[in-house]
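Take a look at the letters that make up each chain.
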Amino acid sequence: MSSNDGDIVIRAEGLVKSFKGFRAVDGLDLTIERGMIYGFLGPNGCGKTTAMRMLTGLLTPTEGTVEVLGLSVPKDAETLKYKIGYMTQAFSLYGDLTVLENLNFMATIYGLPSKRKKQRIAEVMERYELSELGDRFAGKMSGGQRQRLALATAVLHEPQLLFLDEPTSAVDPESRRHFWEQLFDLVDGGTSIVVTTHFMDEAERCHKIAIMEAGQKRADGAPKDLMAAMGANVVEIEGPNLREIRRRLLGTEGIITAAQLGARLRVLVRNDIADPEAFLKNKDETNGATLIEKVRPNLEDVFVTATGEGRQ
Ligand SMILES: Nc1ncnc2c1ncn2[C@@H]1O[C@H](COP(=O)(O)OP(=O)(O)OP(=O)(O)O)[C@@H](O)[C@H]1O
């Protein structure tokens, strides 16, 4: 592996982590470019956290090689620690310390000189709307406030690369949207970001994503490219008997899956069927439908096609 290419922040090859013979991460190859938000999308237990912990140098791979910011991991993990930020799922904040005490503590861990420390703490408190909350115990903050504090501590030392493990699981949609705007501000300032999520809307905001399942990467690329290259067409059906139509369609030739969304049934049809709309209209299984129309795919369709249900 060569680290000459400054535009690559993470390169992993053949990454495996086994826990007593169980392969939580199973042969992961990754190339992540500088200046982007790269997402790991996948269900609980698919190995996102384990993969991220190996990339940060916190966990030693069973097999494979990892290079992060030109450093070999985990060998150079100690040096890497000062160049990356890591916001864990459990929010590594001290509930019995105040906002200011948490920030001071982390600034000391990162070894910021005292003048710089004061300056950075003031900056992040202002940027992440914590200025009024300096004396508040972290344990007494709302989910959104805790998340802002966690992000503030993760970027105190101005890391080039930021790892976020399911950062918005515990916050409301408004805070989540705001949080993502802050991530794009960080990218604008030169930070690269790796984020894990099981939310489709969040994955859709990433420049690129890897779709993970059972420790393996099933697909990767820009969300819009993945949607364009999807191996299925999407057709929606309306009618009074959608549950019945769904039951009849599932398991029939050419149908990958069908799921109801409100008053519509969303059907994934294999893309070797030339005219999926006519195909469904001509099927007895759709009798009673009042509307059958092809629609644009979304990321959830890509996910379903790339993982379990869609591959069977
Ligand atoms: N230290 C460990 N010992 C044994 N098994 C582990 C350990 N850490 C993780 N696992 C297992 O590895 C698998 C992947 O876990 P991981 O936490 O990486 O998944 P995830 O995709 O991040 O899901 P979640 O969002 O629920 O954390 C799970 O089956 C988990 O139980």
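For the chain, the name recorded in an unreviewed UniProt entry is Putative ABC transporter ATP-binding protein YbhF, with Roseibium aggregatum as its organism. The record in UniProt for the chain states the following under Sequence similarities (unreviewed entry): "Belongs to the ABC transporter superfamily."

A. Representation of the sheet that holds strand S12 (residues 255-261) in the model. The strand order S12-S13-S11-S14 describes an open sheet built from four strands, whose pairing is antiparallel. In the strand order of this sheet, the two ends are held by S12 and strand S14 (291-295), each with one partner. This sheet shows a mean twist of 25° between the axes of neighbouring strands, independent of strand direction. Pairing between S12 and strand S13 (residues 264-270): six bridges, direction antiparallel. Among the inter-strand pairings, Ala 259 is bridged to a residue of S13, identified as Arg 266.

B. Structural context of the domain arrangement of the chain. Domain annotation for the chain reports domain 1 (8-226) and domain 2 (231-296). Distance from the C-alpha centre of domain 1 to the C-alpha centre of domain 2: 39 Å.

C. Looking closely at the nonpolar core. By size, the foremost hydrophobic cluster in this structure holds 82 residues, and its most contacted members are Leu 55, Val 68, Ala 152 and Val 267. The element contributing the most residues to this core is helix H5 (residues 143-155), with six residues. The residues that make up this core include at least three from each of domain 1 (8-226) and domain 2 (231-296). When near neighbours in sequence (up to four residues on either side) are disregarded, Ala 152 contacts Leu 103, Val 124, Met 125, Tyr 128 and Leu 130.

The rules behind each value
- Residues numbered from 1 in each chain as written.
- Predicted model: local features only at pLDDT ≥ 70, side-chain atom pairs only at ≥ 80, totals over all residues.
- UniProt positions renumbered as here; feature names shortened; annotations may be inferred.
- Pairing = 2+ DSSP bridges.
- Helix = DSSP H or I, 4+ residues; strand = E, 2+ residues; numbered from the N terminus.
- Axes fitted to C-alpha atoms, helices over the stretch in contact; angles between N-to-C directions.
- Domains from an automatic or database assignment.
- Core = buried A, V, L, I, M, F, W, Y, C linked by C-beta atoms within 7 Å.
- Buried ≥ 20, exposed ≤ 12 C-beta atoms within 10 Å, placed from the backbone.
- Contact = placed C-beta atoms within 7 Å.

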